[in-house]
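Residues per chain, in single letters:
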Amino acid sequence: MIHSLFLINCSGDIFLEKHWKSVVSQSVCDYFFEAQEKAVDVENVPPVISTPHHYLISIYRDKIFFVSVIQTEVPPLFVIEFLHRVADTFQDYFGECSETAIKDNVVIVYELLEEMLDNGFPLATESNILKELIKPPTILRSVVNSITGSSNVGDTLPTGQLSNIPWRRAGVKYTNNEAYFDVIEEIDAIIDKSGSTVFAEIQGVIDSCIKLSGMPDLSLSFMNPRLLDDVSFHPCIRFKRWESERVLSFIPPDGNFRLISYRVSSQNLVAIPVYVKHLISFKENSSSGRFDVTIGPKQNMGKTVEGVVMTVHMPKAVLNMNLTATQGSYTFDPVTKVLTWDVGKITPQKLPNLKGIVNLQSGAPKPEENPSLNIQFKIQQLAISGLKVNRLDMYGEKYKPFKGVKYITKAGKFQVRT
Amino acid sequence: MSPRCHPSLYWNTHSCPTPSGLSPEKTEPLTVPRGASPCHIPTSRLQGGWHLGPRSILVALLGCHCNSTRSPASAALSTLTWCRHDDLKEMLDSNKDSLKLEAMKRIVAMIARGKNASDLFPAVVKNVACKNIEVKKLVYVYLVRYAEEQQDLALLSISTFQRGLKDPNQLIRASALRVLSSIRVPIIVPIMMLAIKEAASDMSPYVRKTAAHAIPKLYSLDSDQKDQLIEVIEKLLADKTTLVAGSVVMAFEEVCPERIDLIHKNYRKLCNLLIDVEEWGQVVIINMLTRYARTQFLSPNQNESLLEESAEKAFYGSEEEDTKDAKAEAASLAKRKPYVMDPDHRLLLRNTKPLLQSRNAAVVMAVAQLYFHLAPKAEVGVIAKALVRLLRSHSEVQYVVLQNVATMSIKRRGMFEPYLKSFYIRSTDPTQIKILKLEVLTNLANETNISTILREFQTYIRSMDKDFVAATIQAIGRCATNIGKVRDTCLNGLVQLLSNRDELVVAESVVVIKKLLQMQPAQHSEIIKHMAKLTDNIQVPMARASILWLIGEYCEHVPKIAPDVLRKMAKSFTNEEDIVKLQVINLAAKLYLTNSKQSKLLTQYVLNLAKYDQNYDIRDRARFIRQLIVPTEKSGALNKYAKKLFLAQKPAPILESSFKDRDHFQLGSLSHLLNAKAVGYQELPDWPDEAPDPSVRNVEVRGTPRREKRKEKVEKPFYSDSEGESGPTESADSGESHHGGASSRGHHGGSDSEESGSSSSSGTSSSSSEEEDEEEEEEGSGEQSEEKEGEEEEEKRKKRKEKGGLRKPSWCPAFGAVRTYELLHRMAGEGLSVEYCFSRRPFPGDPHMVAVQIQISNNTDIESLAPGDTASVVMGIDFCDSTQAANFQLCTHTRHFYVSIQPPVGELMAPVFMSENEFRKEQGKLTGMSEITEKLTLPEKCRSDHAIVQQVTSAANVGRVPCGADNEYRFAAKTVTSGSLVLITLEWREGAAAQLTVNSEKMVIGTMLVKDIIQALAQ
């Protein structure tokens, strides 16, 4: 399936290559560079490129292109999903998936890639299994290893490989047994010029951090499970239980993982927590325009909206912007034409406002389109859909775990057209 | 020679740049004769000389050291690069693991950067047997990378892997096989083949999985091995562990995708295991099963109207109701119409559906394509929700999913309509995503939602992304052609765009307007006039060409303007692009035909210009048109028809999606994405007109609990509980689980029985087809019961079609001499007790089976067996030379008992008689890996000849071989199934010390046998 993998940085250097079958020359990447040049923008590089002898399937993550070489028919999503899993694993091991991190840990990277694929077919992709085979690098461990001469590589088959629950390690032990769940909901919305909602929906995830000894069997129930319209599960969740009782029953992996992601049924009206008043205009035949934006809270159920950031891609003709913000600070990058306004917390008493003059290139025609505003915000202690966890029960182990649930609402792809 | 330099000195040379022009072949340091140990390479002798003096000396010096046939210059070059790695070599040669590790780490870092490190091969390969596991792993990495280039040297490492293959640690066994099979050296093909076969029957499923992975590797190395590999695949396909399933199906797809017949027996098992298989395996299995289903079942959409309602119910009903309903439905449908979905087809659809909830996008896509290609129309809808969910994922995932959605939305528009808004475009989307979303939106447009879509399009037209705007205009054009109601609105909108400041937008609009006008030109002469004016401003060739064509085509609607446009174009003719020139010629010709008075001279002028154009296409066209339209004496009959030729009514172009008809490729495949057949793509076959015999999937269970004869879920299902498993699909299942329940050999007998229990109870549920099934079965088992009627009780209706079946014992059981084991205890069996023993006689029905004698005794009142009475029966079981237990079911009127027979390893063989010489000869062949030696001490009572022989023969079914030596005992046997030799030698030394040697090709059997014999002797 996957023949080779090349990691390429933004300046076009191939800084890592790995082959699972016979060696494919680096020159195959020239086709990729060609496509990259044609696409202009990094995000417009087609994920699948056909070359005379190979197919290149690539992803772009954290300023690195993961380019895989394929020779025969394979579902493209299979490869894409796997490459993302590789990037996730790097992230998990090194804290970040950057060029420097990979270069610094090139041997571990190589060992990981060796374990993850055999002859191009995925072998072990569960992080818990990989961590038993190859221990993640820590300062303490490298010191210990240099003294004792022990290695980072495990010499027995991880127990998970053989069991029905490959995601969990055996023999997990903690002194403090804890289980935390973060219910994070994101509002995707498109608001049109007049302020009415064109499209809005709520996407949520439950991220968990489980540090429990032994083999706990958990079941998590909700007050209002009917809210969840479409759910995708971590493999640990028993599907039949959910189908029949709407209870999440599972033996969790050890550590951090995403338990479920869900979408709230679209019948429910989405409460949009902020509104934006905007006036952006460019004058004909004069090289200036006006810019006036106010953000205010709306239906926020008594919680404060914080972490508000607005980013705007201004038209190409904009040279500079002279603005004053009543709150927070703004920056305008004249090269990329991106205006960023970091607002912070919104207080209903005094609405934050950004106002001023836009300088245009002289002689250039007036931009036809007003830019759309992308808003980010965060509301703590609130799941906007109203989803509530009812209880968490544990079976199979004797101790009493500490349990915690946190709710956060965020803006997802929240866009205001002007 | 000077003493060795300190490593730090070499460090400098290491970092110097590679001399250019070195090919890897030249950097190969020395050729080592095959079979020689790498230690003999005279590296140390050479190393000293490097830093001595000027290069010329070196050259001379080295020239004689190295291969004498080589020219001195090339030798110098090769040694120069070589010397850069001297420090690494020294570290690899050292005794310290930490130095070795450091060196290997640096080498691997070099490989990772794509630098050539092949000259270190001899130094690295020595460390293949290193104790430190991390060094070992890195050496493996190195080996796999360079073995292909240095085949002779790579052979040196093979023995290490062969040793690794019989390591007690399964991880080491597996990784030895992995590396061995990854070394692409054709000469070791037979060794690989042997290793794969061995590993395919390993006890550890992880090793078996590795064996499955090794199959395609070997196949790509030597495709002549196909037949043998197919045998291994067949064996592994029958494996019941989820770990193996995905990998072996992958091997199947790569080696023999055409051998669909191998799947039949495993089909139900694969369906049932699917949910517990790891996610990557799921994708492969689902794709394979999609193809399988297309060849084996009938199209579910044959008679849609009826199915629609039944499926509708199934869709809305909950799972429980669904199955009940479906059962009733199936019965009623059967009466009304000819098509009934094959229960196996339903099984596949039902078992894949939960996977739509997977977190893995590839799995979701695989299920989606399965439903799209296989499910009845009404049920396909369920996949939409899951696909829309994937649109939240990474942009690459979005790209692929949208491509597939675009194809689906053409055929099944209704499916995605509820999710229309999810395809709305954000200004932050990458352009390629925007264009795909646009495609989907256009496909979804219909009379009811067109106004919303058009309003949305209006916002898009103002976007800064011009490619996207152009695509939007195209999309509007398509909406306008497909939906007549909005055609005028769209046209007006597009005309407004003609005054747009951006030329690209205008050009694109012109092209689209041209296409729209072609549908109803008469009403739109105003627009044509407006466009005629645009020729002065628009520079985009395609747009100019479109305008000219439009004016030429409808010159009768704009009689005054047309000649004027031609005049202008004639003036600028030489500066135009080719496509524009061609249209100018066209325009001239058409005007000449309709309005020759005004345009005759102009036309002549244009044709003259074209005659001398650089482009031969244009010259040709000019010549052709001149002959056709200008009447001369030579011009033929065509001249008369010129007007008809040029001004014929032309059909309006059909604007259609580029995704139309892409669904003949399997969705989700690379070929679909590229819209071209990729290498290795397996065509999705059309539904057959008549369904092939469904009974091929029935798992015929013989008394031989071979692996491949099992279909039931044996792994304890983690995900799926077995409840709700009953239903119409069970009808075929239950048929065979009746007898299928009889025997099994698995690791988890418990869950297995649970399953078969539930299914046999549901077996009473009736659909007509099933009843037939049952009858057939009754007949089948009837034969058997007749056979055993004599001594068999009526309650013992083991519906088991054994090869050979249960046999009446023709000889008296020797219960006393042989050890008996309990199969069913008196208490557990409610008065019925069953014991068994290994009679050690060849089973008459099949020599490959182990004869097991079963004794049934009645301790209460059983009708056909008097109290206290016993009956015995002999059963043949093929254990496939493995000690895994045979699980089966014992049925009485009232109860089912789940029992299992686990054979001691010694019972898996039959004695062989041979002479001392033969024994020696055979033993000579089975040395090395196949020899296992163990020391032991004999206890007091076991120190006589008689006692030793008795103990050994009681532990294993072996025959004594005569032996000249006094204190040596030899035994020989053959394994029952495969007939491989097992030779045992026991050497009694002074006192209590003794040495036991077992030689056998089957290492696992050998190892276990040693253990058993030692245990027997120790007692």
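Please refer to the structure higher up on the page.
Note that the coordinates shown come from a computational prediction; the quantities given were computed from them, not determined experimentally.

A. Seen up close, the overall build of chain A. The helix and strand inventory of chain A stands at 8 helices and 23 strands. With 418 residues in all, chain A has 58% of them scored as buried. Across chain A, every contact between residues at least 6 apart in sequence was considered, and the portion connecting residues at least 24 apart equals 68%.

B. Spotlight on the overall build of chain B. Along its length, chain B carries 44 helices and 14 strands. For chain B, the residues scored as buried account for 57% of the 1019 residues in total. Contacts spanning at least 24 positions in sequence make up 68% of the contacts within chain B whose residues lie at least 6 apart. Surface accessibility of chain B: about 42,700 Å² in total, with carbon and sulfur atoms responsible for 51%.

C. Local environment of the environment of His19 of chain A. Inspection of the secondary structure assignment puts His19 of chain A in strand S2 (residues 14-19). Between the C-alpha atoms of His19 of chain A and Leu113 of chain A, which are 94 residues apart in sequence, the distance is 9.6 Å. With near-sequence residues (within four places) excluded, His19 of chain A lies in contact with His3, Ser4, Phe6 and Val24 of chain A together with Arg145 of chain B. A polar contact of 2.9 Å, which involves the side chain of His19 of chain A, links it to the side chain of Ser4 of chain A.

D. The packing of helix H2 (residues 76-94) of chain A against helix H24 (residues 395-411) of chain B, seen in detail. Between H2 of chain A and H24 of chain B, the least distance of the axes is 10 Å, while the angle of their chain directions is 170°. When the axis of H2 of chain A is compared with that of H24 of chain B, the two are roughly antiparallel. Note on element contacts: H24 of chain B touches H2 of chain A through Glu396, Val397, Val400 and Val401 of chain B, opposite Pro76, Leu77, Ile80 and His84 of chain A. In terms of residue class, the contact of H2 of chain A with H24 of chain B is built from 6 nonpolar, 1 polar and 1 charged.

E. The environment of Arg426 of chain B, seen in detail. Summarising the element assignment, Arg426 of chain B is placed in the loop between helix H25 (413-416) and helix H26 (431-444). The exposure class of Arg426 of chain B is buried, given its relative accessible area of 6%. Ignoring any residue separated from it by four or fewer positions in sequence, one finds Arg426 of chain B in contact with Asp188, Ala189, Ile190, Phe199, Lys413 and Gln415 of chain A together with Lys434 of chain B.

F. Here's a closer look at the interface of chain B and chain A. Facing the 100 residues of chain B at the interface are 101 residues of chain A. Regarding the contact of chain B and chain A, the summed buried area is about 8,900 Å², with carbon and sulfur atoms giving 56% of it. One can count 12 salt bridges joining chain B with chain A. Between Arg392 of chain B and Glu186 of chain A there is a salt bridge; the shortest N-O distance is 2.8 Å. Summed over the shared surface of chain B and chain A, the result is 34 residue pairs in polar contact (both at pLDDT 80 or more). When the residues that make up the side of chain B that touches chain A are grouped by side-chain class, the tally is 41 nonpolar, 30 polar and 29 charged.

G. A look at the sheet that holds strand S3 (residues 48-50) of chain A. Residues and elements named next belong to chain A. Sheet architecture is open: 5 strands sit in the order S2-S1-S5-S4-S3, paired in antiparallel fashion. Where the open sheet ends on each side, the last strands, each with one partner, are S2 and S3. Each adjacent strand pair in this sheet contributes to an overall mean axis angle of 20°, direction not counted. When S3 meets strand S4 (residues 55-61), the two strands line up antiparallel, connected through 3 bridges. The residue of S4 that forms the bridge with Ile49 is Leu56.

H. Summary view of the sheet that holds strand S9 (residues 197-211) of chain A. All names here are of chain A. The 9 strands are arranged S11-S13-S9-S8-S23-S21-S16-S19-S18 in an open sheet whose pairing can be described as mixed. Looking at strand neighbours, the two that pair on one side only are strand S11 (228-233) and strand S18 (329-333), the edges of this open sheet. Averaged over all pairs of adjacent strands, the angle between their axes in this sheet comes to 15°, without regard to strand direction. Relative to S9, strand S8 (residues 178-191) runs antiparallel, the two sharing 14 bridges. Bridge pairing in S9 places Ala179 opposite Ile210.

I. Representation of the pattern of salt bridges within the structure. Residues and elements named next belong to chain A. Under the counting rule described, the total for this entry stands at 52 salt bridges over all chains. The salt bridge partner of Glu81 is Arg85, with a shortest N-O separation of 3.6 Å. A residue pair is termed a helical-turn pair when its members lie 3 or 4 positions apart in one helix, as Glu81 and Arg85 do in helix H2 at 4 residues. With respect to class, Glu81 is no different from Arg85; both count as buried.

J. Examining the nonpolar core more closely. Membership of the largest hydrophobic core comes to 272 residues, with the highest contact counts inside it found for Phe66 and Phe90 of chain A together with Phe423 of chain B. It is helix H22 (residues 361-374) of chain B that contributes the most residues to this core, 12 residues altogether. Residues within four places of Phe66 of chain A in sequence aside, it is in contact with Leu5, Phe6, Leu7, Ile57, Ser58, Ile59, Arg61, Leu83, Val86, Ala87, Phe90 and Cys97 of chain A. Counting residues in each nonpolar core, the second largest holds 72 residues, with Leu248, Ile280, Leu323 and Ile384 of chain A among its members.

K. Region of the structure containing the environment of Lys421 of chain B. Assignment of secondary structure puts Lys421 of chain B in the loop between H25 and H26. Between the C-alpha atoms of Lys421 of chain B and Thr452 of chain B, which are 31 residues apart in sequence, the distance is 9.9 Å. Dropping the residues within four chain positions of it, Lys421 of chain B is found in contact with Val198 and Phe199 of chain A. Within the structure, Lys421 of chain B has its side chain in polar contact with the backbone oxygen of Val198 of chain A (distance 3.2 Å).

L. Unusual backbone geometry, seen in detail. Residues and elements named next belong to chain A. With phi around 50°, Asp62 is a residue other than glycine that occupies positive phi space. Note that Asp62 resides in the loop between S4 and strand S5 (64-70). Classification of Asp62 by relative accessible area gives partly exposed; the value is 42%. In this structure, Arg246 is a non-glycine residue whose phi angle is positive, near 60°.

M. The packing of aromatic side chains, seen in detail. A complete count under the given rule lists 26 aromatic pairs over all chains for this structure. When the ring of Phe78 of chain A is compared with that of Trp280 of chain B, the centres are 5.3 Å apart and the planes differ by 75°; the resulting orientation is edge-to-face. Taken together, the residues Phe78 of chain A in helix H2 and Trp280 of chain B in helix H18 (residues 279-296) connect one chain to another. Here the aromatic rings of Tyr836 of chain B and Phe838 of chain B are separated by 5.8 Å at their centres, their planes lie at 80°, and the arrangement is edge-to-face. The same class applies to Tyr836 of chain B as to Phe838 of chain B, namely buried. Three or more aromatic residues joined by ring pairs make a cluster, and in this case those are Phe32, Phe33, Tyr60 and Phe65 of chain A. Across from the ring centre of Tyr407 of chain A, 5.5 Å away, lies the NZ or CZ of Lys388 of chain A, which sits over that ring. Here Arg697 of chain B stacks its cationic end above the ring of Tyr267 of chain B, 5.6 Å away from the centre of that ring.

N. Focus on helix H34 (residues 578-594) of chain B. The end-to-end C-alpha distance of H34 of chain B, which contains 17 residues, comes to 25 Å, matching closely the 24 Å that a straight helix rising 1.5 Å per residue would cover. A large share of H34 of chain B lies buried, amounting to 14 of its 17 residues.

O. Summary view of the pairing of S11 of chain A. All names here are of chain A. S11 sits mainly inside the fold: 5 of its 6 residues count as buried. The sheet contact formed by S11 and strand S13 (residues 255-264) spans 5 bridges and is antiparallel. Of the residues in S13, the one forming a bridge with Asp230 is Arg263.

P. Here's a closer look at the packing of helix H43 (residues 945-955) of chain B against helix H44 (residues 1003-1018) of chain B. Residue and element names in this part refer to chain B. Two elements in contact, H43 and H44, have axes whose closest approach is 9 Å; the angle formed by their N-to-C orientations is 135°. In terms of orientation, H43 lies oblique with respect to H44. H44 is crossed by H43, and the crossing has right-handed handedness. Here Ile948, Gln951, Val952 and Ala955 of H43 lie close against H44, whose contacting residues are Asp1012, Ile1013, Ala1016 and Leu1017. Across the contact of H43 with H44, the residue classes tally to 6 nonpolar, 1 polar and 1 charged.

Q. Region of the structure containing the side chain of Arg291 of chain B. Mapped onto the secondary structure, Arg291 of chain B falls in helix H18. Apart from residues lying up to four places away in sequence, Arg291 of chain B is in contact with Glu253, Pro257, Gln682, Glu683, Leu684 and Pro685 of chain B.

Parameters and conventions
- Residues numbered from 1 in each chain as written.
- Chains lettered and ligands numbered in written order.
- Predicted model: local features only at pLDDT ≥ 70, side-chain atom pairs only at ≥ 80, totals over all residues.
- Heavy atoms only, no water.
- Helix = DSSP H or I, 4+ residues; strand = E, 2+ residues; numbered from the N terminus.
- Buried < 20%, exposed > 50% of the residue type's maximum accessible area, 1.4 Å probe, protein only.
- Contact = heavy atoms within 4.5 Å.
- Areas by Shrake-Rupley, 256 points an atom, 1.4 Å probe, with all protein chains shown as cover.
- Polar contact = N/O pair within 3.5 Å; in protein donor to acceptor, adjacent residues only side chain to side chain.
- Axes fitted to C-alpha atoms, helices over the stretch in contact; angles between N-to-C directions.
- Parallel < 35°, antiparallel > 145°, perpendicular 65-115°, else oblique.
- Nonpolar A, V, L, I, M, F, W, Y, C, P; charged D, E, K, R; others polar.
- Buried area = accessible area lost by both parts, 1.4 Å probe.
- Salt bridge = Lys/Arg side-chain N within 4 Å of Asp/Glu carboxyl O.
- Pairing = 2+ DSSP bridges.
- Core = buried A, V, L, I, M, F, W, Y, C linked by side-chain atoms within 4.5 Å.
- Phe/Tyr/Trp six-rings, centres within 6.5 Å; stacked < 30°, edge-to-face > 60°.
- Lys NZ or Arg CZ within 6 Å of the ring centre and 35° of its normal.
- Expected span 1.5 Å × (residues − 1).
- Left-handed = near helix turned anticlockwise from the far one by under 90°.

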